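Listed here are the chains, written in short residue letters.
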Amino acid sequence: DQQVKQNSPSLSVQEGRISILNCDYTNSMFDYFLWYKKYPAEGPTFLISISSIKDKNEDGRFTVFLNKSAKHLSLHIVPSQPGDSAVYFCAARAYDKVIFGPGTSLSVIP
Amino acid sequence: DAGVTQSPTHLIKTRGQQVTLRCSPKSGHDTVSWYQQALGQGPQFIFQYYEEEERQRGNFPDRFSGHQFPNYSSELNVNALLLGDSALYLCASSLFLDRAGNTIYFGEGSWLTVV
């Protein structure tokens, strides 16, 4: 039973445009949602998080939106840069356990 | 300040053998979690150690066991290896009291191939 879903395995975006990565979850007990970025041959690195009591968190080019009623969150990257090309994992935290989605591979085309 | 270090980086084992993977957490961190990442999938939570005790466990069989030492470093042991255990094993360190998840740092992982 996959509690965190990322239904788009891959996404291609032109440099300078907006990248929108989507994530759905099933467990209402999650209290924090996190986004991680992973380059090949490296471990995932933390990008941004949002508490379940918020609906938006912004950090520079990265904004995460949370819609609790729809159990949906999204990561917006504006403007997208070639260096953003990586696999992005959506993750959710409950009782000190972090559950990851399968990831979305983002390619930013120069 | 060293981040999370894992060893070995790559190893090949034969089906039925046993393997031990090691992790040193980031300086100042007290909690270690282990994840298995199969090809094309997201990291799957195996278990978490804090104060030398297993605090949380994912849906993994008892063949997967661990240990945390007084210096917060940790080992992951897998017995009776199966071909399906071939994966990247990631260690993540954090502060137990961190609620936002901002302090979770991952190592580069140990690639295990079972033949």
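Cut-offs used in this document
- Residues numbered from 1 in each chain as written.
- Chains lettered and ligands numbered in written order.
- Predicted model: local features only at pLDDT ≥ 70, side-chain atom pairs only at ≥ 80, totals over all residues.
- Heavy atoms only, no water.
- Buried < 20%, exposed > 50% of the residue type's maximum accessible area, 1.4 Å probe, protein only.
- Helix = DSSP H or I, 4+ residues; strand = E, 2+ residues; numbered from the N terminus.
- Pairing = 2+ DSSP bridges.
- Phe/Tyr/Trp six-rings, centres within 6.5 Å; stacked < 30°, edge-to-face > 60°.
- Salt bridge = Lys/Arg side-chain N within 4 Å of Asp/Glu carboxyl O.

Enquirer: Teacher, can you tell me more about the pairing of strand S4 (residues 31-37) of chain B here?
Expert: Residues and elements named next belong to chain B. Burial of S4 is extensive: seven of the seven residues sit out of reach of the surface. In terms of strand pairing, S4 meets strand S5 (residues 44-50) through six bridges, oriented antiparallel. Of the residues in S5, the one forming a bridge with Gln36 is Gln44. With antiparallel pairing between neighbouring strands as the criterion, S4 and S5 make up a hairpin whose turn holds six residues, including Gly40 at a positive phi of roughly 80°. Inspection of the sheet shows S4 paired to strand S9 (residues 87-94) by seven bridges, in the antiparallel sense.

Enquirer: Got a minute to help me understand the packing of aromatic side chains in this structure?
Expert: The geometry of two aromatic rings is summed up by the distance between their centres and the angle between their planes. Taken as a whole and judged by the stated rule, the model has 14 aromatic pairs over all chains. Summarising the aromatic geometry, the rings of B:Phe47 and B:Tyr49 are spaced 5.3 Å apart at their centres and angled 85° between planes, so their arrangement reads as edge-to-face. With respect to class, B:Phe47 is no different from B:Tyr49; both count as buried. Among the aromatic residues, those joined into a cluster by ring pairs are A:Tyr36, A:Phe46, A:Phe89, A:Phe100, B:Tyr35, B:Phe45 and B:Phe106.

Enquirer: Please explain unusual backbone geometry as it appears in this structure.
Expert: What is expected of a backbone is that most residues other than glycine have negative phi and most peptide bonds are trans. Residue A:Pro79 is bonded to the preceding A:Val78 through a cis peptide linkage, with omega at -15°. When you line up the elements, A:Pro79 lands in the loop between strand S8 (72-77) and strand S9 (86-94). Cis geometry is found at the peptide bond from B:Ser7 to B:Pro8, where omega equals -10°. Along the chain, B:Pro8 falls in the loop between strand S1 (5-7) and strand S2 (10-13). The phi torsion at B:Glu52 lies on the positive side, around 65°, for a residue other than glycine. Position of B:Glu52 relative to the elements: it lies in the loop between S5 and strand S6 (53-57). Positioned with a positive phi, B:Tyr72 is a non-glycine residue whose angle comes to about 80°. Examined against the element boundaries, B:Tyr72 turns out to sit in the loop between strand S7 (64-68) and strand S8 (74-78). With relative accessibility at 40%, the residue B:Tyr72 sits in the partly exposed group.

Enquirer: Got a minute to help me understand the pattern of salt bridges in this structure?
Expert: Where charged atoms from two side chains of opposite charge approach closely, those side chains can pair. All names here are of chain A. Taken as a whole, this structure holds six salt bridges over all chains when the rule is applied. A salt bridge links Arg61 to Asp84; the nearest nitrogen and oxygen atoms lie 2.8 Å apart. Here Asp84 lies in the loop between S8 and S9 and Arg61 lies in the loop between strand S6 (56-59) and strand S7 (62-67), a separation of 23 residues in the sequence. Looking at Asp84, the relative accessible area reads 2%, which means it is buried.

Remember that the coordinates give geometry; whether it matters functionally is a separate question.
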